[in-house]
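The chain contents come next:
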Amino acid sequence: MKFNPAMNHVYLNDAFKSSTISINLNLPEQSTSDCSLGASFQESKELVLTEDGRKVPPAASRSILDRSRGCFENCKRRLFNKRTLHKRLPILRWLPAYRSEDAICDLVAGISVGLTVIPQALAYAGIAGLPVAYGLYSSFAGCFVYIFLGSCKDVPLGPSAIVALLTYQVAQGSWQKSVLLCLMCGVVELLMGLFGLGFLIDFVSGPVASGFTSAVSLIILSSQIQNVLGIKANGNTFVEVWRQVFANIQDSRPTDTILGITCIVVLLMLRMLSSYRIGPAPDEPHSRCQRVANKLFWIVGTARNAILVVVCCIMGYLLHSDQHGAPFRIVGEIPPGLPSVQWPPTSLSANETADGNPLGFVDMVHSIGSGLIVIPLISLMESIAIAKAFAFGQPIDASQELIAIGTANILNSFMQGFPGTGALSRGAVNNASGVRTPLSNVYSGTLVIVALMFLTPYFYFIPKATLAAIIIAAVVFMIEIKVLKPIWRSKKSDLVPGIGTFVACLVLPLECGILIGIGINVIFILYNVARPKLSFELLLTQSGIEYLMITPDRCLIFPSVEYVRNWVNKHSIRQNVPVVVDASHVYGADFTTATVVGSLISDFQQRQQLLFFYNLKPTIYELFKQVSAAQLVVYYQEHQLENLLKERNYSQKSEPA
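Counting restarts for each chain, with residues numbered from 1 along the sequence as it is written. Restriction of local features to residues with pLDDT of at least 70 applies here, the model being predicted, together with a cutoff of 80 or more for giving and counting side-chain atom pairs; totals for whole chains, interfaces and linings are based on all residues. By convention in this description, side-chain values take in all heavy atoms of the structure and omit both hydrogens and water.

Participant: Outline the pairing of strand β7 (residues 579-582), listing residues and values.
Facilitator: For every residue, the accessible area obtained with a 1.4 Å probe (protein chains only) is divided by the maximum for its type, and the residue is called buried under 20%, exposed over 50%, and partly exposed between those limits. Helix and strand labels come from DSSP, where a helix needs a run of H or I of at least four residues and a strand needs a run of E of at least two; each type is numbered from the N terminus. The two faces of β7 match: Val579 and Val581 on one face and Val580 and Asp582 on the other face are all buried. Handedness of the strand β6 (residues 546-552)-helix α25 (residues 561-575)-β7 crossover: right-handed. Pairing between strands is defined by DSSP: at least two bridges between the two strands are required. Taken together, the four bridges between β7 and strand β8 (residues 611-614) define a ladder with parallel strand orientation. The partner of Asp582 across the bridge, within β8, is Tyr614. Handedness of the crossover joining β7 and β8 through helix α26 (residues 591-606) is recorded here as right-handed. By definition, the crossover connecting two strands over a helix is right-handed if that path, from the first strand to the second, turns clockwise as seen with the strands pointing away from the viewer.

If you want it as structure tokens, here you go:
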């Protein structure tokens, strides 16, 4: 047994003596100066000190017009000041200090990303079940928006594999629903950002995000097997896709299969080439030839997708004949020029639906369902992942990212695009290219516009197997197997939500899978809230009286209080000594807690056992006092426990010999 309680982890609330709250703490008499200080404090409440140093009457004594005018002025000051403008328009922070060196680095990064996004956009449109042109339509408008509203220099907005797959599962390949989905998701994201709901991403834990990303990667990889084999195999889930693959595998085309596998191998080899270096260590001097060779390796490895598309496009053109066509499946005709700016579709005629029934705006929104929540959440998760990967410890404003992504998607919908966000593969290219500011987006967006205006006739001969290979070579590295080992070593229970999310996303539609994963996580959180850790130890007062100190480690709220009550009663009956509840870590409580605390005090009174509360916060004391004012005993300094025991004539019971 210890002689003194651990006083180094609690605060001594000496300021409580001068508080205006009337609490009987058995404290010494206050001096006249303390009383006069309290009186002057009470009198000072008659006037309110404003920010500009003026003393004005409280709001209750002012007219409604004055209060409305004051509220309007406060809102204007909060919204229209330099800090808020710099927060909501990040371009104002970096543009005044923009230099020519930054412009060169942004130009190189923008071109590198542009050469990556064009083939990816063509491929990701296929994941969304749309013609390849819609991938390009989704790739340029958001770039220009992000220059003004984006808070992270490494995020390149455009289509992503995960969001494209979610778009397919929601819109089922309908370009009208996909464009409307882009608008609705943009509105939801913008509203979430304006209301500061970026914190919602915190409810997606690391294991859940890893399970979701791994499952999506497998689904995307599986969905592209059909293009590699040259067959048709559509499905919403992993199981459905593979069932279709095995059902139609006898129709596979050898030329597509050979081309697809060859492209995958070439892409993986070129990916390794981007990190290959010749010569001495990086911190040692290199010859000019070595520097040129290393730079050439990096350029070829970074632009591998564009190089492969160009080579295979030329091959498709050379092997194409008017009589027999190409030996493999090709993309086909793409409408030349920029998309027409128009309002997103708000209805579908009978000829535009699969079942022949027309759909109005409400019906189309209803068909989107949970996608309106899941897609914005996943879009934010992808952008935040890029920002965190290259932020080097700098804070990330999730709400501002939502505003940027939402505004970009709203503009994209008028360009006939489907939802987009940041993509980690392009973010890595951006960072490796030495990007300095979000202005690099203007160059990648311009490259997409040039491709739409002048290069679409040449995209006709791009093999579908090549686009499938680009997707497979990209998503195969998104399967996060490496996180299993550290999770297993650190906390095995975290594998449950991760594996649960992974399995649910493979078997069910993705929006259901991610919601199940979040639900499992919430259950774990609620269980921890409902089962706080309680420690106890037998201590001695200065006069040698034994008592039991019980210390909860967190707030006491309604899911946990019955458990705490039973736990305290169980150990108190076993020890049969005065009990002290150390409330130093209890920073919050609710009405249910106060009611159960009243019942706990009654339990102790019925068996004539003493119960005290130590270091209870004043706000919580006021809450408990409403339920059990007379029986609640609180103290804040150690020596007061001796006085409380003496006042109640408590004497230590001697143990039998």
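There's plenty left to go through after this.
Participant: Lay out helix α19 (residues 424-432) in plain terms, naming residues and giving numbers.
Facilitator: Residues of α19 that are buried include every one of Arg426, Gly427, Val429 and Asn430, and no others. Down the axis, α19 shows its buried residues gathered within 160 degrees of arc, on one side only. Buried positions along α19 lie against α5 (100-127), β3 (157-158), α14 (288-302), α17 (371-389), β4 (421-422) and α20 (440-455). Gly434 sits one or two positions beyond α19 and adopts a positive phi of about 85 degrees. Here the arc refers to the set of directions running from the helix axis out to each C-beta atom. What makes two residues a contact is simply this: any of their non-hydrogen atoms within 4.5 Å.

Participant: Which residues make up the pairing of strand β5 (residues 534-540), and what values do they have?
Facilitator: The sheet contact formed by β5 and β6 spans seven bridges and is antiparallel. From the neighbouring strand, Glu537 faces β6, where its bridge partner is Met549. What sits between β5 and β6 in their antiparallel hairpin is a turn of five residues, with Gly544 showing a positive phi close to 90 degrees.

Participant: Residues and numbers for the pattern of salt bridges, please.
Facilitator: Oppositely charged side chains can pair when the atoms bearing their charge come close. Salt bridges, as used here, are contacts in which a Lys or Arg side-chain nitrogen is within 4 Å of a carboxyl oxygen on Asp or Glu. Under the defined criterion, the tally for this structure stands at 10 salt bridges. A salt bridge links Arg99 to Asp102, with the nearest nitrogen and oxygen atoms 3.8 Å apart. We classify Arg99 as partly exposed; its relative accessible area is 48%. Between Asp553 and Arg554 there is a salt bridge, with its nearest N and O atoms 3.0 Å apart. Assessed through its relative accessible area of 25%, Arg554 is described here as partly exposed. Counted as one network, the salt bridges with shared partners bring together Arg99, Asp102 and Arg436.

Participant: Any details on the packing of helix α10 (residues 206-223) against helix α21 (residues 464-475)? Residues and values, ideally.
Facilitator: Each axis is a line fitted through C-alpha atoms, and for a helix only the stretch in contact is used; angles between axes span 0 to 180 degrees, taken between their N-to-C directions. Running from amino to carboxyl end, α10 crosses α21 at an angle of 160 degrees, the nearest separation of the two axes being 9 Å. Judged on the interaxial angle alone, α21 and α10 are roughly antiparallel. When you trace α10 past α21, the crossing you get is left-handed. Residues Ser217, Ile220 and Leu221 of α10 form the contact with α21, whose own contacting residues are Ile471, Ile472 and Val475. Throughout this entry, Asp, Glu, Lys and Arg are counted as charged residues, while Ala, Val, Leu, Ile, Met, Phe, Trp, Tyr, Cys and Pro are counted as nonpolar. The remaining residues, Gly among them, count as polar. Here the residues of the contact of α10 with α21 sort into five nonpolar, one polar and no charged. For classification, angles of less than 35 degrees are called roughly parallel, those exceeding 145 degrees roughly antiparallel, those between 65 and 115 degrees roughly perpendicular, and all remaining angles oblique. In this scheme the handedness of a crossing depends on how the near helix is turned from the far one: anticlockwise by less than a right angle means left-handed, clockwise means right-handed.

Participant: Before we move on, could you go through the environment of Ile127 and cite the residues and values that matter?
Facilitator: Secondary-structure assignment places Ile127 in helix α5. Ile127 sits in the buried class, given a relative accessible area of 4%. Considered as a pair, Ile127 and Ala468 are 341 residues apart in the sequence and their alpha carbons are 9.3 Å apart. Each residue touching Ile127, except ones within four places of it in the same chain, is listed here: Ala161, Ala164, Leu165, Tyr168, Ile220, Gln224 and Ile471.

Participant: I'd love a proper account of the UniProt feature "transmembrane region" (unreviewed entry) in the protein chain, names of residues and values included.
Facilitator: UniProt positions are given in the numbering used here, feature names are shortened, and annotations may be inferred rather than shown by experiment. Per the UniProt entry, the sites bearing "transmembrane region" (unreviewed entry) are residues 155-171, 178-201, 258-276, 296-319, 368-391, 442-461, 467-484 and 496-527 in this numbering. End C-alpha atoms of residues 178-201 are separated by 24 Å, and the span's content is 71% helix alongside 0% strand. Strand forms 0% of residues 496-527 and helix 94%; the C-alpha atoms that close the span are 14 Å apart.

Participant: Residues and numbers for the side chain of Thr302, please.
Facilitator: With respect to the secondary-structure elements, Thr302 resides in helix α14. Sequence-distant contacts of Thr302, defined by excluding residues within four places in its chain, comprise Ser112, Thr116, Ser274 and Val429.

Participant: If you had to explain the sheet that holds β8 to someone new, which residues and values would you point to?
Facilitator: Across the sheet, five strands lie side by side as β5-β6-β7-β8-β9; this open sheet has mixed pairing. Edge strands, defined here as strands with exactly one partner in the open sheet, are β5 and β9 (634-635).

Participant: An account of unusual backbone geometry is requested, with residue identities and associated values reported.
Facilitator: Although it is not a glycine, Asn615 sits at a positive phi angle of roughly 60 degrees. Within the element layout of this structure, Asn615 appears in the loop between β8 and α27 (618-625). Even without being glycine, Asn649 reaches a positive phi, approximately 55 degrees. Position of Asn649 relative to the elements: it lies in the segment after α28 (639-647). Relative accessible area serves as the criterion here: at 69%, Asn649 is assigned to the exposed category.

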